[in-house]
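Given next are the chains, with one letter for each unit.
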Amino acid sequence: MNWRKIGRIFEPARHSFKGGVMEFAQSPQAIVLNDCVRIYFSTRTRDTQGTYLSHIAFADFDRKMENLLRVHTDPIITLGSLGTFDEHGIFPINVVKYEGKVYAFTCGWSRRVSVPVETSIGLAVSRDDGLTFEKIGSGPILTSSLQEPFLVGDPFVTIDADGWHMWYIYGTKWMKITERETSPARVYKIGFATSNEGIEWSKRAGQLIPDRLNADECQALPTVIKIRNRHHMYFCYREATDFRNNKNRGYRIGYSYSDDLQNWVRDDGNSGIQCSTEGWDSDMMCYPNVFRCDDNIHLLYNGNEFGRYGFGLASLQAQQ
Amino acid sequence: MFKWVKRGKIFDPTGGANPPWMSEFAQAPCVLKFDNFIRVYISCRPPPDAKGQYESRSAFVDLNRKNLLEIVQVSQTPTLSLGLPGTFDEFGTYPTSVIRNGIEIRAYYGGWTRCESVPFNVAIGLAVSQDQGVTFNRVGNGPVLSFSIDEPFVLSGPKIRRFGDLWQLFYIAGERWLPNNGKPEPVYRIRMATSNDGINWTKHSRDLIERRLGTDECQASPDVFFSNGRYHMFFCYRHGLDYRNGNRGYRIGYAVSNDMTKWSRDDSRAGIDVSLEGWDSEMISYPHVFELDGEIFMMYLGNQVGRFGFGLAQLNGSLT
C-alpha cells in the first residue's frame, strides 16, 4: 500500500465548541454526501468536576478534500441519561449510509469506581443526512458477554450482499496499577460480529488480529475497505502501559488483510504509512478511517496526543 | 387466597457465630434438594467498608430434609469468588439461582459493579459446580445475560427454570434511575428470556407483570412454580423511593399464567404478609417456592431485606 500524506486538514484550536476553544478532534470518520464529505469526530468538554465528556461534532469538506466548507458544533446526538452506558461520552462514532438514512454506531462511555470506565456500542439513526441522530433505545446493541467481559467499543460497520459486518474491540484485562500509571491500564483486542439488519449482532468470538508486540498489546479502531477482492484493515495498536508520553510505546498504525473475512494476515510492514519525523504526527498515529470518494481512497487519522491537535489526511496512490 | 403457615425464622447470620464474610444478611434463598438435606443458597455480607459500602458473597445453609428447622451445615467459605478488577461481578454476587444440569450444578447470579453517577450496576453471570454445589467456577469473566437496547442496566434477580424443552430465565431489568436528590435509585421490572442451552438467551423484551403501586413500583424475585397445570409466580414489590419505611417496603405479590408469557396479577391471592411483630413485621420479600416430599414450602426474607435471616412457610392446600 502506498499512501501520500496530504497533511493535517483540521485543527480544533481554530474553532470553538460550546463557548470555549475546541479541544481535541478525535477519531475522524467520513460519509460521502452529494455535495460534501462529512467528517464526524469526538471533541470534549469538561464537567463540573473537571473530568472530560466526549461529544460528537462534524466538519464538511468538498469532495476533492481540498477545502473545509463548514464546522458544525450544534448537538448531533445527546449523551445518555442517568446510569446509561453512554452517559459520560460518545467516542468514537462510526457512520454508515443505508437506505436513505445514516446509521451511527457509537461507543458510549460510563464511569466506574474501581476502573475508570466501561464502554458499550449503541445505535442511532439519522433521517436528515446525518445532521441529527435519534437513538433506537437507551441501552446498547453490543456489550459485555461471557468471553468478552468489558470495554466493548470502537465499532466499524460495513454492509454488503452478505449482510452487515462489524469490527470492534473488547477488553481482556484490567491491569494492576503500576508506578508509572495513575489508574489501571487496560488491554483490548479486535473482534468481529455479523448481523442481518444492523441491530441484532452475533459475535464471532475471539481475537481476530494476531498480536505483534506482546500478549498485552492494545488494538483499537479497526477500519476496513475492500479493494478488488481483498479486504484491507487499518487499526492502531500500542503497549498497554507508559504509552501516553513515551513515543516508542504509543499508538502506531497497524495493517492486516484478508481474502475471506475469516483469516487475517497481519502485515504492518506493508501498511504504507508511518509517523512523520517531525510535526503534529511525529510521536503517535492513531484512529484511522479509510473511505472511498469518487475515484479516490483516503485515510483519515489522528496524530500526537490522541488527536488533541486535530486530524490529517492521506491518499492512496495507484498501485504499480 | 392461598394459606401459608409460617414456621418461623430458620437461619440468622448475625450474632457472631459465622465467619466475618457472612456476618450479616442471608438474602434470596434458593433450594437444591439432596437425599438427606436441602441446600439453601443465600447471599451474605461482611461488615461494610470505610465508605459504608457492602460486598455480597454467595453461601449456603444445609437443612435436615426430615426437619427443615434443623441446620446441619453452613458453608465455611464463599461458594463463588468475586470477579477480577473491572469485571461485572467485582463487588458482589447476589442473588443466586441454582439448577441441576446432569452431574453439574449451574448457578445464575447477579454480579455487582460500582459506578460513578449511580451507585451500582448489575448483570447476570453463570458459574458451574462439579462438586455437588460446594464450590462454583464462572463460565467466563463476563456476564451470560447483559444489557440491550431496551434493558439498559440493572439486570438482576435471576430465577432459572426448565419447563419443557427450553430453559427459562426470569429476571428483573432496570427501566430508569430516579435521581432522588443525588442518591439515585433504580426502577426495575420483571422480564424473561428463553434458551436452548442456558447460555445463549433470547430476551422476550417485555414486562411480564403489571404495576400496582404506580410508575415507580419495583418488582423483584420472580419465582415461578408449576402446579396443577399452571405457572404460579410469587414475587416481591415495593415503592420506588423511601422503601425502608415499613409501609412502602417489600410485600409479596402473586401472578398466574397458562403459558409463562401472559400473566394475571392478583396479589390478593398471595396469602402471605408481614407479621404483627417480630423479624418479618416490617417487610416480607424474596419468596422462593419449592416442593419437598409432597409438601409445598416458601422461603422468604423479613425486615431489612434479609439482614437478620430467612424464614419458612408451609402451604396448607395446593397451588391451583
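Position numbers for residues start from 1 in each chain and track the written sequence from start to end. Ligands are numbered from 1 and chains lettered from A, in the order in which they are written. Only residues with pLDDT of 70 or above have their local features reported here, since the model is predicted, and side-chain atom pairs are shown and tallied only from 80 upward, although totals for entire chains, interfaces and linings are computed over all residues. As a rule here, side-chain values cover all heavy atoms of the structure and leave hydrogens and water aside.

Draft legend 1. Examining the overall build of chain B more closely. Put simply, DSSP H or I for four residues or longer makes a helix, DSSP E for two residues or longer makes a strand, and each gets a number counted from the N terminus. Of regular secondary structure, chain B possesses one helix and 20 strands. Both definitions apply: the radius of gyration is a C-alpha atom measure, and the globule rule equals 2.2 Å times residues to the power 0.38. Taking 2.2 N^0.38 as the reference for a compact globule, 320 residues should give roughly 20 Å; the C-alpha atoms of chain B span a radius of gyration of 18 Å, in line with that estimate. A principal-axis box enclosing the C-alpha atoms of chain B has dimensions of 50 × 45 × 40 Å. Put simply, chain B has 320 residues, and 61% of those count as buried. Contact between two residues is taken to exist if any of their heavy atoms lie within 4.5 Å; hydrogens are not considered. Long-range contacts, defined here as pairs at least 24 residues apart, represent 53% of the contacts in chain B between residues at least 6 apart. Using a 1.4 Å probe, the Shrake-Rupley method yields the accessible areas, and only the shown protein chains count as cover for residues. Of the roughly 12,400 Å² of accessible surface on chain B, a fraction of 48% belongs to carbon and sulfur atoms. His residues and chain termini do not enter the charge count, which takes Lys and Arg as positive and Asp and Glu as negative. Each charge is placed at NZ for Lys, CZ for Arg, CG for Asp and CD for Glu. Across chain B, the centroid of the 35 positively charged side chains sits 2 Å from that of the 34 negatively charged ones. Each residue is placed in one exposure class: buried if its accessible area under a 1.4 Å probe, protein chains only, is under 20% of its type's maximum, exposed if it is over 50%, and partly exposed if it falls in between.

Draft legend 2. Looking closely at unusual backbone geometry. With an omega of -5 degrees, the peptide bond between Phe-91 of chain A and Pro-92 of chain A qualifies as cis. Topologically, Pro-92 of chain A is positioned in strand 8 (residues 90-98). Cis geometry is adopted by the peptide bond preceding Pro-95 of chain B, which originates at Tyr-94 of chain B and carries an omega value of -10 degrees. Of note, Pro-95 of chain B is situated in strand 6 (residues 93-101). Notably, Gln-132 of chain B is not glycine yet its phi reads approximately 60 degrees, a positive angle. For Gln-132 of chain B, the location among the structural elements is in the loop between strand 8 (120-129) and strand 9 (137-138). Although it is not a glycine, Asn-180 of chain B adopts a positive phi angle of roughly 50 degrees. Tracing the sequence through the fold places Asn-180 of chain B in the loop between strand 11 (167-178) and strand 12 (185-195).

Draft legend 3. Local environment of the pairing of strand 11 of chain B. All names here are of chain B. Here strand 11 lies mainly inside the structure; 10 of its 12 residues are buried. For two strands to pair, DSSP has to find at least two bridges joining them. Relative to strand 11, strand 10 (residues 153-161) runs antiparallel, the two being bridged by six bridges. When the sheet's bridge partners are listed, Ile-160 is paired in strand 11 with Leu-169. From the end of strand 10 to the start of strand 11, which pair antiparallel, there are five residues, and Gly-164 there has a positive phi angle of about 75 degrees. When strand 11 meets strand 12, the two strands line up antiparallel, connected through 11 bridges. Bridge pairing in strand 12 places Phe-170 opposite Met-192. A loop of six residues connects strand 11 with strand 12, the two strands running antiparallel in sequence, and Asn-180 in this loop sits at a positive phi of about 50 degrees.

Draft legend 4. Structural detail: empty space enclosed by the protein. Think of a 1 Å grid over just the protein atoms. A cavity is a set of points where a 1.4 Å probe fits yet cannot get out, a pocket is an open set with protein on both sides within 12 Å along at least five of seven lines, and lining residues have an atom within 4 Å of a point. Grid points are joined across faces, edges and corners, and a volume is the space filled by probe spheres set on the points. Evaluation of the coordinates by the stated rule reveals three cavities of 30 Å³ or more. By volume, the largest cavity amounts to about 300 Å³. Mapped onto the lining of the largest cavity, the elements with two or more residues apiece are strand 9 (101-111) and strand 10 (117-126) of chain A together with strand 7 (104-114) and strand 8 of chain B. Here the lining of the largest cavity takes four residues from strand 10 of chain A, the largest share from any one element. In this classification, the charged set is Asp, Glu, Lys and Arg, the nonpolar set is Ala, Val, Leu, Ile, Met, Phe, Trp, Tyr, Cys and Pro, and all remaining amino acids, among them Gly, are polar. Of the residues belonging to the lining of the largest cavity, the class tally is 14 nonpolar, 14 polar and four charged. At the level of secondary structure, the elements contributing two or more residues to the lining of the second largest cavity comprise strand 2 (24-33), strand 6 and strand 10 of chain B. When grouped by side-chain class, the residues that make up the lining of the second largest cavity number six nonpolar, four polar and one charged.

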